[in-house]
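# Chain and residue survey
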Amino acid sequence: MTTAWSRRALLATGGGAALALGLPTAASATGSAALPTSAASATAADEFAALRAKWRDLYLGTGFSPTTEPFKSKLADLGIQASGFLSTIAPARGSLWPDLVYLDPEPDTDTESFNFSANMNTGYNRLRTMAEAYAQPGTGVTGDTGLRDAVITGLDHLYADVFNESTARYGNWWNWQIGAPQALMDTCVLLYDALSDAQRANYCNAVDKFLPDSAVGSYTGTSTGANRVDLCRGMILRGIVGANAAKVALAVDALSPVFPYVTTGDGFYPDGSFVQHTSIPYIGGYGAVLNDGLGRLFALLRGSTWEITDPGSRQFLDTIDAAIAPFIYDGLMMDNVSGRGITRVGASDHTRAHGVMASIVLLGMGAGSEENARWRAMVKGWLQRDYYAPALRAGSLSLVNTARLQTLLDDTTVTASPEPAAHRVFHNMDRATHRRRGWGAGLSMASERIAHYEFGNGENKRGWHTGAGWLQWWGDGAGLEQYSDAYWPTVDPYRLPGITVSRKKLADGQGGAWANPKPGTKWVGGTGDGEFGTTGQHLQGLASTMHARKSWFWLDDCVVCLGSGITSADGAAVETVVDNRCLGASGTQRLLLDGVDQPATQGWTTTRTTTWAHLDRHAGYVFPGGTELHALREERTGAWKDINDGGTTTPNTRRYVTLWKDHGTDPADSSYAYILMPGASSKRTADRAADTGWLQILANDAGRTGIRVPSIGFTGVNFWAAGTAGKVSASAPVCVQIHEKRDGTATISVSDPSRTVTGLTLTWKRPVKSVLSKAETVTGVQTGSSVTMTFGDLSRSRGATHTVRVRVR
């Protein structure tokens, strides 16, 4: 680990070398106590100047050639964009650009005012873009004094007209406390020497008005998690621009509540979960913002008087492996942790991952050598395997992040690492991931703790069922475009893959903005041993009487999906969607049902008893014992505006193949069973269907759902209530998985998804020699012709896994 820089060393190196950052350590204060007042003032001014230079480098990037690609084109595009803004800027009462009117005729904090405050914020963002084009080399407007002066004129206009000490806030709080202050202070850093003392003072005073000390006075409301980091970033930059040490110190101290793991509400949890807005899994949105924000603040303040030295800040680095990496697959960030952001036009699961990867590289520069090497290999693997929207060609990355990732990709000393084979349960946000070397998947659920979906700012109006057992997956060498190619505006929102759903019609934004509607069910979660997994969800439909018990068993080449107790009284049909694959704008991939080719005609549909199905270049599906399967080919047309008020009205048309089981109208105790085999060939699918002994369904009813796969020594049971399934008995509603290994050992994994079990007796009718290890919650074990384990209070573990390892006879 590198040692902290002394202040003298910091000043000597200037901004560029400051990017050689490290983990937070105690900052040096060499000789400062002995300096006379005038010398101390000069030193403080020098330190603020050094921090401005450092932030400038962090914002603009260093170490790239402006005359080589991809930087040459990016810089040229930046110049074109800035020139366009310059040509249309027209300061007037209530606007800085004609298309960005921020004068609200009825200013208040209702959603009707959100667009007006957003226009003010967008104005500051445009000025920042112009300042960046002025400061960057190779933009075609580099050093253009006309551009620079127009930016300053714009800053003065916004200050005089809207963002000042006398204005009352209206619209969205975020624009006033986070968006505008950050863009304004970034611009002040870029044009610092061109601004007068009075101008800088005015802008800082405006920030103080809307981002006062009280904004970080308590860790609550909108001042938590990623929002807290953003607030602190704005305050730190305001302190640096205005040479106010107290502001910087206050903001650094205010970061401390972000670092500890939480047990409720917003923040990172010990299991890797990240929640924002109280009940929304958000690693791909706010979690990414927090990751990037803290990474840059660590880099900015390292070696300064205000270096982040909170011991808890080191814990933040653990989130890279525990929380971030499990949700990135081949260069994309799974949509199930991105909230309402999945419906934003121009963004996708790939673009959301790009900035996160660059942040990981930045953080790795200051981590331990082993972590840095591992993270760089991991990120390089993602970069190389993303054939659909590669980060360095997709155009979504900032120039500084492009430079960071290009340097990694060009580093021949780094060997890309493959996707790991790993199963993870995130019991504090009702998510699970399963990653193999040839495929990956992510599961989304909802409970009394986690919302069905997020709707707000007019975004994600039809995301109703994304918590109803939505199963995303990507196959070997194909499918990375599945949820990126206009999927969300064109997919049937009642037929997301994997869900069980009432077809009862719901209103756009059902439940209301920011309501984050949650079901009343408790039993949601699972267990696993890191290789295989068992997951269950007691599902209650959104604004529906529909209930179901859904189970997933995660194995080497497949997911076994079972459902039971499916009941509804909505007066509407209930379906379980086996899959709904987007084939792109013109796809005609072959569909086989029991080995027979089906028509490729759009609008074709059929219903027939089926034992297996195969969709070319996608997956195989096996239905143990056969099922009445519905299949449909269709073209669907939709616009981003349909699902997001900020979207475009341009129609998008995509083709889909949908497979589902119809449980009928108002079913009573219906069920389903199928095996999903991502990337499987038709032959392997047919062989699995023919091997009727491969899977044993032990139970599938409202009390228990369980399977056994003898060939891999796997048993998984979701006990919705106390009972017996096969050779396993449980005295309470728990999730149980048993994995027998070839070395004569077995791992027994147990969790309490409902968080209600205060005592458990678990019996496995299998001869066991001895106990090799056990969780602290295990109060007793009896071995012999069977093994009986007693557990103490599991409810306090919040759904975490408790493991017992035994040697079998």
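Numbering of residues begins from 1 in every chain and follows the order in which that chain's sequence is written. It should be noted that, the model being predicted, local features are given only for residues of pLDDT at least 70 and side-chain atom pairs only at 80 or more, the latter also being counted only at that level, while totals for whole chains, interfaces and linings use all residues. Side-chain metrics rest on all non-hydrogen atoms present in the structure, leaving aside hydrogens and water.

### Section: the overall build of the protein
Elements are defined by DSSP. Helices are runs of H or I of four residues or more, strands are runs of E of two residues or more, and each kind is numbered from the N terminus. In terms of helices and strands, the protein carries 17 helices and 33 strands. Expressed as lengths along the three principal axes of its C-alpha atoms, the size of the protein is roughly 85 × 60 × 50 Å. Three labels apply to residues, based on accessible area from a 1.4 Å probe with only protein chains included: buried if under 20% of the type maximum, exposed if over 50%, partly exposed otherwise in between. Within the protein, the fraction of its 809 residues that count as buried is 60%. When contacts within the protein are restricted to residue pairs at least 6 apart in sequence, those whose partners lie at least 24 apart make up 69%. Accessible surface computed for the protein: about 28000 Å², of which carbon and sulfur atoms make up 50%. We score Asp and Glu as negative and Lys and Arg as positive, and we do not count His or the chain ends. To locate a charge, take NZ of a lysine, CZ of an arginine, CG of an aspartate or CD of a glutamate. Placing the 74 positive and 75 negative side-chain charges of the protein at their respective mean positions leaves the two points 6 Å apart. Residues count as neighbours in contact if any of their non-hydrogen atoms are within 4.5 Å of one another. We get accessible surface area from the Shrake-Rupley algorithm with a probe of 1.4 Å; when it comes to residues, only the shown protein chains can shield them.

### Some words on helix α4 (residues 114-135)
Helix length check: α4, at 22 residues, gives a terminal C-alpha distance of 32 Å against a target of 32 Å (1.5 Å per residue), a fit within 8%. The element α4 is extensively covered by neighbouring structure, given that 17 of its 22 residues are classed as buried. By this rule the span expected of a helix is its residue count minus one, scaled by 1.5 Å.

### Re the pattern of salt bridges
Salt bridge, as used here: a side-chain nitrogen of Lys or Arg that lies within 4 Å of a carboxyl oxygen of Asp or Glu. What the rule picks out here adds up to 41 salt bridges. The structure contains a network of salt bridges with shared partners spanning Asp 208, Asp 213, Arg 238 and Lys 247.

### Describing the state of the cysteines
Cysteine sulfur pairs qualify as disulfides if the two atoms are within 2.5 Å. Per the counting criterion, the structure on display carries 0 disulfides. Not engaged in a disulfide, the cysteine Cys 232 finds its nearest cysteine sulfur in Cys 204; these two sulfurs lie 17 Å apart. Overall, Cys 232 belongs to the buried group, its relative accessible area being 0%.

### A short note on unusual backbone geometry
Following Glu 69, the chain continues into Pro 70 via a peptide bond in cis, with omega recorded as 5°. In the Ramachandran plot, Ala 243 falls in the positive-phi region, its phi being about 50° despite a non-glycine side chain. Positionally, Ala 243 belongs in the loop between α8 (225-241) and α9 (245-254). A relative accessible area of 48% places Ala 243 in the partly exposed class. Although it is not a glycine, His 277 sits at a positive phi angle of roughly 60°. Among the secondary structure elements, His 277 is positioned in the loop between β2 (274-276) and β3 (280-281).

### Some thoughts on helix α11 (residues 313-324)
Between the first and last C-alpha of α11 there are 16 Å, a value that for 12 residues agrees with the 16 Å anticipated at 1.5 Å per step. Every buried residue of α11 is accounted for by Ser 313, Phe 316, Leu 317, Thr 319, Ile 320, Ala 323 and Ile 324. In a view along the axis of α11, the buried residues occupy a sector of 150°, so they form one face of it. For α11, the secondary structure elements touched by its buried residues are β1 (267-268), α10 (286-301), β4 (328-329), α12 (349-364) and α13 (369-385). Read the arc as the range of directions from the helix axis to the C-beta atoms.

### Some thoughts on the side chain of Thr 490
Topologically, Thr 490 is positioned in helix α15 (residues 487-490). Relative accessible area serves as the criterion here: at 1%, Thr 490 is assigned to the buried category. Here a polar contact is recorded for every N or O atom pair within 3.5 Å, except that within protein the pair must consist of a potential hydrogen donor and a potential acceptor, and residues adjacent in sequence are included only if both atoms are side-chain atoms. Here Tyr 656 takes part through its side chain, which lies 2.7 Å from a polar atom of the side chain of Thr 490. When near neighbours in sequence (up to four residues on either side) are disregarded, Thr 490 contacts Arg 636, Gly 638, Asn 652, Thr 653, Arg 654 and Tyr 656.

### Digging into the pairing of strand β28 (residues 745-751)
Taken across its 7 residues, β28 has 7 buried, putting it largely inside the fold. What you see with β28 is no split at all: Thr 745, Thr 747, Ser 749 and Ser 751 on one side and Ala 746, Ile 748 and Val 750 on the other are buried throughout. Pairing between strands is defined by DSSP: at least two bridges between them are needed. As paired strands, strand β27 (residues 735-740) and β28 are joined by 6 bridges and run antiparallel to one another. Within β28, the residue paired with Ile 738 across the bridge is Ile 748. A loop of 4 residues connects β27 with β28, the two strands running antiparallel in sequence, and Gly 744 in this loop sits at a positive phi of about 85°. Pairing of β28 with strand β33 (residues 802-808), which is carried by 6 bridges, proceeds in the antiparallel orientation. Counterpart to Ile 748 in the pairing with β33 is Val 804.

### A word on the sheet that holds strand β23 (residues 704-709)
Reading across from one edge, β22-β23-β24-β27-β28-β33-β30 is the order of the 7 strands in this open sheet, with antiparallel pairing throughout. Whereas interior strands pair on both sides, the edge strands pair on one side only; in this sheet they are β22 (696-700) and β30 (768-774). Along the sheet, successive strands turn relative to each other by an average axial angle of 15°, direction set aside. Pairing geometry for β23 and strand β24 (residues 714-719), over 6 bridges, is antiparallel. Pairing of Val 709 across the sheet is with Phe 714, part of β24. In this analysis an axis means a line fitted to C-alpha atoms, helices contributing only their contacting stretch, and an angle means the value between N-to-C directions, from 0 to 180 degrees.

### Notes on the environment of Gly 469
Relative to the elements of secondary structure, Gly 469 occurs in strand β9 (residues 468-474). In the structure, Gly 469 is positioned 234 residues away from Met 235 in sequence and 41 Å away in space, judged by C-alpha atoms. If sequence neighbours within four positions are ignored, Gly 469 has contacts with Leu 443, Ser 444, Pro 497, Gly 498, Ile 499, Gln 537, Lys 550 and Trp 552.

### Description of the nonpolar core
As used here, the term nonpolar core means buried Ala, Val, Leu, Ile, Met, Phe, Trp, Tyr and Cys residues forming a set that is joined through side-chain atoms within 4.5 Å. The biggest cluster of nonpolar side chains holds 176 residues, and the ones touching the most others in it are Phe 163, Leu 405 and Tyr 621. At 10 residues, the largest contribution of residues to this core is made by helix α6 (residues 173-190). Filtering out sequence-adjacent residues up to four positions away, Phe 163 remains in contact with Met 120, Tyr 124, Leu 158, Trp 176, Ala 180, Pro 181, Leu 184, Ala 206, Val 207 and Phe 210. Val 717, Ala 732, Ala 775 and Phe 791 belong to the second largest nonpolar core, which has 27 residues in total.

### Digging into the environment of Ser 304
Relative to the assigned elements, Ser 304 resides in the loop between α10 and α11. For Ser 304 and Lys 461, which are 157 residues apart along the polypeptide, the C-alpha to C-alpha distance reads 46 Å.

### Topic: the sheet that holds strand β31 (residues 778-782)
With antiparallel pairing, the 5 strands of this open sheet are ordered in space as β25-β26-β29-β32-β31. One side of each edge strand has no neighbouring strand; the edge strands of this open sheet are β25 (723-725) and β31. Taken pair by pair, the neighbouring strands of this sheet meet at an average axis angle of 15°, ignoring direction. Pairing of β25 with strand β26 (residues 728-730), which is carried by 3 bridges, proceeds in the antiparallel orientation. Each bridged residue has a counterpart across the sheet, and for Ala 725 the counterpart in β26 is Val 728.

### Concerning the packing of α10 against α11
Relative to each other, α10 and α11 sit at 145°, their axes nearing to 11 Å. Seen along the crossing, α10 lies across α11 with a hand that is left-handed. Across the interface between the two elements, Leu 290, Asn 291, Leu 294 and Phe 298 of α10 pack against Ser 313, Phe 316, Ile 320 and Ile 324 of α11. As a working rule, the residues Ala, Val, Leu, Ile, Met, Phe, Trp, Tyr, Cys and Pro are called nonpolar, Asp, Glu, Lys and Arg charged, and the rest polar, with Gly in that last group. Classifying every residue of the contact of α10 with α11 gives 6 nonpolar, 2 polar and no charged. Crossing handedness is read from the near helix: turned anticlockwise from the far helix by less than a right angle, it gives a left-handed crossing, and turned clockwise, a right-handed one.

### Remarks on the packing of α11 against α13
Remark: α11 packs on α13, axes separated minimally by 12 Å, with the N-to-C direction vectors making an angle of 40°. Pair α11 / α13 crosses with left-handed handedness. Here Leu 317, Ile 320 and Asp 321 of α11 come into contact with α13, specifically with Arg 374, Trp 375 and Met 378. Here the contact of α11 with α13 is built from residues that sort into 4 nonpolar, no polar and 2 charged.

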